[in-house]
Amino acid sequence: EPEVTQTPSHQVTQMGQEVILRCVPISNHLYFYWYRQILGQKVEFLVSFYNNEISEKSEIFDDQFSVERPDGSNFTLKIRSTKLEDSAMYFCASRADRGQYNEQFFGPGTRLTVL
Amino acid sequence: AQSVTQLDSQVPVFEEAPVELRCNYSSSVSVYLFWYVQYPNQGLQLLLKYLSGSTLVKGINGFEAEFNKSQTSFHLRKPSVHISDTAEYFCAVSDFTNAGKSTFGDGTTLTVKP
């Protein structure tokens, strides 16, 4: 069964450094998402991406963040100048299309620790 | 805009007892509804989903949920829980406007005691 994959599973970085979190969505999917879960809290929507552009973003997704689909398979989240409060689990998701009976499929997550 | 309210932040229950985790949602459009389970330091595992059709949906691990449109609820139930069901449970809604994002509830911690 196809699945969303994410690398790395755990990333440790120093405050102020840039990190890139990588996701490989399911191959025929068209919509891509990033979510964040701070430890002990709920899952929060960050951004959605379709047709090579952002379709929606939350207030969390400020200029510190960017997303890219650099090739036909990867979907990345870049965090510039990381802060302590960026420490969280980051989930990637993909969806076939926005029609009926389509759901998001989530990856296993990347745990980001900012020291 | 859509929102999800999980009415219980913590639910303690004894092993083999029944359990219900409550979820209410708010949305101006039709939604899909989901329950996810998250074990410590792990990702989200889909328990069950309501996309259309029968309002009673069955999922993995013996869980089921009933979609009630008039009450805008999607409560999760299991007739007999096991120690291994101890985890965090998240209710989520998703529509096919707003780029189809999911909105999650705050989560319910289910603790099954021997």
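Residues numbered from 1 in each chain as written. Chains lettered and ligands numbered in written order. Predicted model: local features only at pLDDT ≥ 70, side-chain atom pairs only at ≥ 80, totals over all residues. Heavy atoms only, no water.

Caption draft 1: Molecular detail of the overall build of chain A. In terms of helices and strands, chain A carries 0 helices and 11 strands. Its helices and strands in sequence order give chain A the pattern β-β-β-β-β-β-β-β-β-β-β, from N to C terminus. Its C-alpha atoms give chain A a radius of gyration of 13 Å, near enough to 13 Å, the size a compact globule of 115 residues would have. With the principal axes as the frame, chain A shows a C-alpha extent of 40 × 25 × 25 Å. Evaluated residue by residue, chain A yields a buried proportion of 47% over its 115 residues. Once local pairs closer than 6 in sequence are excluded, the contacts in chain A between residues at least 24 apart make up 54%. Computed over 11 positive and 15 negative side-chain charges, the separation of the two mean positions in chain A equals 2 Å. (Helix = DSSP H or I, 4+ residues; strand = E, 2+ residues; numbered from the N terminus. Rg over C-alpha atoms; globule rule 2.2 N^0.38 Å. Buried < 20%, exposed > 50% of the residue type's maximum accessible area, 1.4 Å probe, protein only. Contact = heavy atoms within 4.5 Å. Lys, Arg positive; Asp, Glu negative; His and termini not counted. Charge placed at Lys NZ, Arg CZ, Asp CG, Glu CD.)

Caption draft 2: How the structure looks around the side chain of A:Asp86. Residues and elements named next belong to chain A. Position of Asp-86 among the secondary structure elements: in the loop between strand 8 (75-79) and strand 9 (88-95). No salt bridge forms around the buried Asp-86; measuring N to O, its nearest opposite-charge neighbour Arg-36 is 4.6 Å away. Contacts of Asp-86, omitting those with residues within four sequence positions, involve Gln-64, Phe-65, Ile-79, Leu-112 and Val-114. (Salt bridge = Lys/Arg side-chain N within 4 Å of Asp/Glu carboxyl O.)

Caption draft 3: How the structure looks around the sheet that holds strand 1 (residues 5-7) of chain A. All names here are of chain A. One open sheet holds the 4 strands; their spatial order is 1-3-8-7, and the pairing between them is antiparallel. Each end of this open sheet is capped by a strand with a single partner; those strands are strand 1 and strand 7 (65-68). Ignoring strand direction, the axes of neighbouring strands in this sheet form an average angle of 20 degrees. Sheet topology places strand 3 (residues 19-24) next to strand 8; 5 bridges connect them, and they run antiparallel. Residue Arg-22 lies in a different strand from strand 8, and its bridge partner there is Thr-76. (Pairing = 2+ DSSP bridges. Axes fitted to C-alpha atoms, helices over the stretch in contact; angles between N-to-C directions.)

Caption draft 4: A look at the state of the cysteines. Enumeration over the complete set of coordinates arrives at 2 disulfides over all chains. The disulfide partner of A:Cys23 is A:Cys92, and the S-S distance across this bridge is 1.9 Å. Linking A:Cys23 and A:Cys92, the disulfide has an S-S dihedral of approximately -65 degrees and is accordingly described as left-handed. Taken as a pair, A:Cys23 in strand 3 and A:Cys92 in strand 9 lie far apart in primary sequence, 69 residues in all. On the basis of relative accessible area, A:Cys92 is assigned to the buried category, the value being 0%. Two residues share a disulfide in this structure: B:Cys23 and B:Cys91, whose sulfurs sit 2.0 Å from each other. The S-S bond linking B:Cys23 to B:Cys91 shows a torsion near -65 degrees; that makes this disulfide left-handed. (Disulfide = S-S within 2.5 Å.)

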